[in-house]
Amino acid sequence: MKLPGQEEFDVSSAYENVPTGELVSGPGSGPSSDGSSDTDSRELGVPKDPLLFIQLNELLGWPEALKWRETGRWVLFEEKLEVGAGRWSAPHVPTLALPSLQQLRSLLAEGLVLLDCPAQSLLELVEQVTRLESLSLELRGQLQSLLLQRPQHLIQTTSTRPCWRSADPRQAFHDEEAPLKEQCQNPLRQKLPPGAEAGAVLAGELGFLAQPLGAFVRLQDPVVLGSLIEVPLPSRFFCLFLGPPTLGRSYHEMGRAVAILLSDPQFQWSARRASNLHDLLAALDAFLEDVIVLPPHRWDPTARMPPPKCLPSQHKRLPSQMREVKDLSARRGAPAEDKHGHPPHAPSPELRRTGRLFGGLVQDVRRKASWYPSDFLDALHPQCFSAVLYIYLATITNAITFGGLLGEATDGAQGVLESFLGTAVAGAAFCLMAGQPLTILSSTGPVLVFERLLFSFSRDYSLDYLPFRLWVGIWVATFCLVLVATEASVLGPGSPAYGCFCQYPDSGGNESQWIRTKPKDSDDIISMDLGLVNASLLPPPECARRGGRPRGPGCHTVPDIALFSLLLFLTSFLFAMALKHVKTSRFFPSMMRKVLSDFSSVLAILLGCGLDAFLGLATPKLMVPREFKPTLPGRGWLVSPFGANPWWLSVAAALPALLLSILIFMDQQITAVILNRIEYRLRKGAGFHLDLFCVAMLMLLTSVLGLPWYVSTTVISLAHMDSLRRESRACAPGEAPSFLGIR
């Protein structure tokens, strides 16, 4: 039913003047745990609806003293009021009894339905809701005074004591439309995004009513209804369900039912665009068709299901109007999708060929120059300080590991001190000059394998290792400069033409066929191979060499030291994981939880070192040299170009350098492509050519100084990016924060 003069809402004409750019999201545009709803909305191409906050106010105290109290609220999941504890329950998946939905449908079919109601205040809204022929003037006045009574809210303030805000007994009406102070200070406002709207549901038993009263109102323009809602949001929907006392809590369950309906993205999308009662009931019937019924005596109705980690796709629940809008968006020039429903692959702008020598490098330098000052300003955030400590610990442990392995592989020609110095020089220079400073340079397993083979070759043929290695590094730098000049990164990982051929069994399982994989799959396959190479280089358990304990003919470990080292590892690991999950717990203030989560690794390492120092057991320690000099006695920091090697070896070094250049190019480009994927939402662009140029220059520098070679490492770089994740603060209760990008 509608008021006289109220215009019909035509769904088909609602999108005639909608620009194509606005057709980006739809009924799933509300918050989701994994962002799948937003993705579905963009694929649907339907208008984006604001987030809806639903509140249930229940009428209590009949027949002594009637009062309204907020007993439930919904954003994405349900929260119930725990009156005895004075707090809200944990967000959970709502469950409904099927009779409540059936009673709701009957009451809506016989009740008052106002679509696009022009009310501009709570008083006008109440007057239109109570304008029924079946109500007498006296009964209408009692209803109006009851509906205008200020409800009682439980507002969680920053203090430990909850704030109950209720009506003054001497004041029956609240004509003021300004929000209360407690509403403006409600912490729930921070969890709701800008532009959010509200829906108010009022339900309860009223003894002086002879028959049930139901009303569903959609306001033409959202209006802030004073203190009706616990947060000062403009209200879009208003639902009222009152009636004489009955057995059970039928009106309470009907109020929960309509609140759950409005929290459903598909029903809310249809309710916003319904033109009459028939459309509203059709949306309710569509909801009932997808309802899953749990059999009685197999499920506890009081059990609360926790929110799922990810929400399923809602493609199967599309109303016919959504399909029409999707077709309209396709006719207006929306990009075509492939057979799997994915948009066409667009090449990165940094990987477009210019056709000039060093053209890609020049573009990377120009792009980097515009963002260079902001790199230092953005690093002043406290989150970057925790990332600095975390990456420092990650790189120093990597330098210790590979420095020890390199010292054993080269008989002391390079050791831990060279690894420390090379990591500091190469890492600092790369981060200051490269196009993507989020990338971390470090020693990698494939390069270590090449160093070991190069040293074995030099020893077998009585060659001077460091001069031979110097010429290999010079040739590698030359080859990399040629790759930068010819823009070879365009043909490397990340380009549309790039892919790898993988062999898979056919459907019969007998023969094999070669198929071309997508670039992202190729990067994952090769990075997995590099990770396996690094894992294969882990040293065996260290033999006991201290404490005066005799060594037997075989390698063995000291039992107490080995057990204590294992306990230290487990303690540090479990403590770090516990601090990491403090961010989503209910303990401590939010700022302290965030600090403990950001510095979890640092605090765990400090705890482990403190326990080791307190107990005083002889656990393995890093032996740092007291003097700053090369590990190999008798050599300086500058490597002689020839040494004892013949002159022609400088030319022959080009052959192994060619193999190492291919390895470095693939390792560097794959790491760069993985870090610059579109899902990380980086704002400052990539620098594939500039990064490779910096690696070439650092290869030349480290070869001259006799330091280890360095290239981008995937694992530490991804850990660096993960420590700089930005997450939204506005998230529904029970919903994981959404990913905003990398700081």
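Residues numbered from 1 in each chain as written. Predicted model: local features only at pLDDT ≥ 70, side-chain atom pairs only at ≥ 80, totals over all residues. Heavy atoms only, no water.

As recorded in an unreviewed UniProt entry, the protein goes by the name Anion exchange protein 4, listed as coming from Hipposideros armiger. Looking at the protein in UniProt, the text filed under Sequence similarities (unreviewed entry) is "Belongs to the anion exchanger (TC 2.A.31) family." On record in UniProt, under Subcellular location (unreviewed entry), the comment for the protein is "Basolateral cell membrane". (UniProt positions renumbered as here; feature names shortened; annotations may be inferred.)

*Asks:* Hey, could you run me through the overall build of the protein in this one?
*Replies:* Scanning the protein for helices and strands turns up 22 helices and 16 strands. Buried positions account for 45% of the 743 residues belonging to the protein. For the protein, restricting intrachain contacts to residue pairs at least 6 apart in sequence, the fraction spanning at least 24 positions comes to 73%. Looking at the protein as shown, the accessible area adds up to about 38,300 Å², and 62% of this sits on carbon and sulfur atoms. (Helix = DSSP H or I, 4+ residues; strand = E, 2+ residues; numbered from the N terminus. Buried < 20%, exposed > 50% of the residue type's maximum accessible area, 1.4 Å probe, protein only. Contact = heavy atoms within 4.5 Å. Areas by Shrake-Rupley, 256 points an atom, 1.4 Å probe, with all protein chains shown as cover.)

*Asks:* Whenever I open this one, the packing of aromatic side chains confuses me. Can you help?
*Replies:* Two measures describe an aromatic ring pair: the distance that separates the ring centres and the angle between the ring planes. Here the structure, examined in full by the defined rule, presents 10 aromatic pairs. Ring geometry for Tyr372 and Phe376: centres 5.3 Å apart, planes at 70 degrees, overall edge-to-face. Of this pair, Tyr372 and Phe376 both sit in helix H10 (residues 359-378), separated by four residues, roughly a single helical turn. Among the residues examined, Tyr372 registers a relative accessible area of 31% and is labelled partly exposed. (Phe/Tyr/Trp six-rings, centres within 6.5 Å; stacked < 30°, edge-to-face > 60°.)

*Asks:* Would you explain the confidence of the model for the protein in this entry?
*Replies:* Detailed reading of the predicted coordinates is not advisable wherever pLDDT falls low. With 75% of its residues at a pLDDT of 70 or more, the protein has an overall mean of 77. Within the protein, no element has a lower average pLDDT than strand E13 (residues 512-516), which sits at 38, and none a higher one than helix H14 (residues 465-485), at 93. Considering only residues more than four positions removed or in separate chains, one finds that residues 496-519, a stretch of pLDDT under 50, has 42 contacts. With pLDDT under 50 throughout, residues 540-555 is counted as low confidence; its partners more than four residues away or in other chains account for 17 contacts. (pLDDT = per-residue confidence, 0-100.)

*Asks:* Before we go on, may I ask you to explain unusual backbone geometry in this structure?
*Replies:* Among all residues save glycine, negative phi is the norm, and among peptide bonds the norm is trans. A positive phi angle, near 60 degrees, is found at Asp116, a position not held by glycine. Here Asp116 shows up in strand E5 (residues 112-117). One non-glycine residue, Arg681, adopts positive backbone phi at about 55 degrees. Locating Arg681 in the fold gives a position in the loop between helix H20 (654-675) and helix H21 (688-705).

*Asks:* Where do I start with the side chain of His92 in this structure?
*Replies:* Here His92 shows up in the loop between strand E4 (87-88) and helix H2 (98-110). In this structure the side chain of His92 is engaged in a polar contact, spanning 3.0 Å, whose partner is the backbone oxygen of Ala90. Sequence-distant contacts of His92, defined by excluding residues within four places in its chain, comprise Phe77, Glu78, Glu79, Lys80, Arg304, Met305 and Pro307. (Polar contact = N/O pair within 3.5 Å; in protein donor to acceptor, adjacent residues only side chain to side chain.)

*Asks:* Would you mind going over the packing of helix H11 (residues 382-409) against helix H18 (residues 600-615) with me for this structure?
*Replies:* Packed helix pairs are specified by the crossing angle of their axes together with the interaxial distance, meaning the distance between the axes. Close contact between H11 and H18 brings their axes to 8 Å; oriented N to C, the two are set at 55 degrees. As summarised for this structure, H11 and H18 are arranged oblique, according to the angle between their axes. Side by side, H11 and H18 meet where Leu389, Tyr390 and Leu393 of the first sit next to Ser601, Val602 and Ile605 of the second. Its residues assigned to classes, the contact of H11 with H18 shows five nonpolar, one polar and no charged. (Axes fitted to C-alpha atoms, helices over the stretch in contact; angles between N-to-C directions. Parallel < 35°, antiparallel > 145°, perpendicular 65-115°, else oblique. Nonpolar A, V, L, I, M, F, W, Y, C, P; charged D, E, K, R; others polar.)

*Asks:* Explain the nonpolar core to me, please; I cannot follow it from the model alone.
*Replies:* Most often, soluble globular proteins have nonpolar side chains that are buried together. Counting 41 residues, the largest nonpolar core has Phe53, Leu125, Phe238 and Leu240 as the members making the most contacts within it. Elements that contribute at least two residues to this core include exactly strand E1 (52-60), E5, helix H3 (122-129), helix H4 (137-147), strand E8 (197-205), strand E9 (213-223) and strand E10 (235-243). Examining the composition of this core, we find that five residues originate from one element, E9, more than from any other. Filtering out sequence-adjacent residues up to four positions away, Phe53 remains in contact with Arg73, Trp74, Val75, Leu188, Leu192, Glu197, Ala198, Gly199, Ile229, Glu230, Val231 and Leu233. Phe455, Cys480, Ala657 and Tyr710 belong to the second largest nonpolar core, which has 38 residues in total. (Core = buried A, V, L, I, M, F, W, Y, C linked by side-chain atoms within 4.5 Å.)

*Asks:* Whenever I open this one, the sheet that holds E5 confuses me. Can you help?
*Replies:* Strand pairing in a sheet takes place through backbone hydrogen bonds and is either antiparallel or parallel in direction. Sheet architecture is open: eight strands sit in the order E4-E3-E2-E1-E8-E10-E9-E5, paired in mixed fashion. Because the sheet does not close on itself, it has two edges, and the strands there are E4 and E5. Where E8 meets E10, eight bridges bridge the pair, whose relative direction is parallel. Looking at E10, one finds that Glu205 is bridged to Gly243. Across the sheet, H3 lies against E5, E9 and E10, angled at about 140 degrees from E5, the strand it touches most. Where helix H6 (residues 250-263) meets the sheet, its contacts fall on E1, strand E2 (67-74), strand E3 (78-82), E8, E9 and E10, and the angle it forms with E1 comes to roughly 175 degrees. (Pairing = 2+ DSSP bridges.)

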